[in-house]
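# Observations on the three-dimensional arrangement
Chain by chain, the residues:
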Amino acid sequence: MDLISWNPSFNVDVEVIDKQHQMLVKMINELHDSMLAGKDKDVLLEMINRLSAYAAFHFAREEHYFDIFGYPETELHKKQHSDFELKVSTFENDFTEGRQSLSIEIMNFLSDWLVGHIKGSDKKYAPFLKERGVK
Ligand SMILES: [Fe+2]
Ligand SMILES: [Fe+2]
């Protein structure tokens, strides 16, 4: 069973952003499945690396819109992204070095953070971007 099942309440109604969020959900679900299937560390590591790279790409897209349109909550939102990235990169290093393994706690952190961030902070910017013509 998927760790996160996509729910219409996750939509921010900006198509490009919703597609990227769906991709993040898919990547987290695939990582979760691979963990449960007992996949090798190098396979998991590659998936974690791809997930963090895709998250960085996605955050950059949101932040680009904030910067060009002068979104009032830019600083707070960027801080949430960078705090998440720091946690993920710390875990990535620990996992690579063998100090930590992939666990359900880590998976829950990733899924809870993503869903909470989408439904809270990301939904908040959606009307602002839509008013400025972002589709
Ligand atoms: Fe987002
Ligand atoms: Fe965001």
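See the structure printed just above.
Residues numbered from 1 in each chain as written. Chains lettered and ligands numbered in written order. Predicted model: local features only at pLDDT ≥ 70, side-chain atom pairs only at ≥ 80, totals over all residues.

Along the chain, the regular secondary structure elements total four helices and zero strands. For the chain, the N- to C-terminal ordering of α and β elements is α-α-α-α. Relative to the compact-globule value of 14 Å for 135 residues, the chain shows a C-alpha radius of gyration of 15 Å, a close match. For the chain, the spread of C-alpha atoms along the three principal axes comes to 45 × 30 × 20 Å. A buried classification covers 15% of the 135 residues belonging to the chain. Long-range pairs, those at least 24 residues apart, make up 72% of the contacts in the chain with a sequence separation of at least 6. (Helix = DSSP H or I, 4+ residues; strand = E, 2+ residues; numbered from the N terminus. Rg over C-alpha atoms; globule rule 2.2 N^0.38 Å. Buried ≥ 20, exposed ≤ 12 C-beta atoms within 10 Å, placed from the backbone. Contact = placed C-beta atoms within 7 Å.)

On to the nonpolar core. Core analysis: the largest hydrophobic core is formed by ten residues, namely Val25, Ile28, Leu31, Met47, Ile48, Leu51, Ala55, Ile106, Leu110 and Leu114. Those elements that provide at least two residues to this core are helix 1 (15–36), helix 2 (41–69) and helix 4 (104–131). It is helix 2 that contributes the most residues to this core, four residues altogether. Grouped together as the second largest cluster of nonpolar side chains are five residues, Ile17, Tyr71, Tyr125 and Leu129 included. (Core = buried A, V, L, I, M, F, W, Y, C linked by C-beta atoms within 7 Å.)

Attention now goes to the packing of helix 1 against helix 4. Packing of helix 1 against helix 4 leaves a shortest axis separation of 10 Å and a crossing angle of 165 degrees. For the element pair helix 1 / helix 4, the angle class is roughly antiparallel. Both helix 1 and helix 4 take part in a crossing whose hand is left-handed. Counted together, His21, Leu24, Ile28, His32 and Met35 of helix 1 and Met107, Leu110, Ser111, Leu114 and Ile118 of helix 4 form the full contact between these two elements. Of the residues that constitute the contact of helix 1 with helix 4, the class distribution is seven nonpolar, three polar and no charged. (Axes fitted to C-alpha atoms, helices over the stretch in contact; angles between N-to-C directions. Parallel < 35°, antiparallel > 145°, perpendicular 65-115°, else oblique. Left-handed = near helix turned anticlockwise from the far one by under 90°. Nonpolar A, V, L, I, M, F, W, Y, C, P; charged D, E, K, R; others polar.)

The next subject is helix 1. Across its 22 residues, helix 1 extends 32 Å between first and last C-alpha, which sits within 8% of the 32 Å expected from 1.5 Å per residue. Taken together, the buried positions of helix 1 are occupied by Ile17, His21, Val25, Ile28, Leu31 and His32. Across the axial projection of helix 1, the buried residues extend over an arc of 125 degrees, all falling on one side. Facing away from the buried side of helix 1, by more than 90 degrees, are the exposed residues Glu15 and Lys19. Buried residues along helix 1 sit in contact with helix 2 and helix 4. Residue Gly38 follows helix 1 closely and has a positive phi angle near 70 degrees. (Expected span 1.5 Å × (residues − 1). Arc of directions from axis to C-beta.)

Taking 1.5 Å of rise per residue, 29 residues should cover 42 Å, and helix 2 covers 42 Å from first to last C-alpha, within 8% of that figure. Every buried residue belonging to helix 2 is among Met47, Ile48, Leu51, Ala55 and Glu62, and all of these are buried. Turning to helix 2, the residues buried within the fold contact helix 1 and helix 3 (74–96).

Here we come to the packing of helix 1 against helix 2. Their axes nearest at 10 Å, the elements helix 1 and helix 2 cross at an angle of 165 degrees. With respect to helix 2, the axis of helix 1 lies roughly antiparallel. Regarding helix 1 and helix 2, the two cross each other, and that crossing is left-handed. Along the contact surface, helix 1 presents Ile17, Gln20, Met23, Leu24, Met27, Ile28, Glu30, Leu31, Ser34 and Met35, while helix 2 presents Val43, Leu44, Met47, Ile48, Arg50, Leu51, Tyr54, Ala55, His58, Arg61 and Glu62. For the contact of helix 1 with helix 2, the per-class residue count stands at 14 nonpolar, three polar and four charged.

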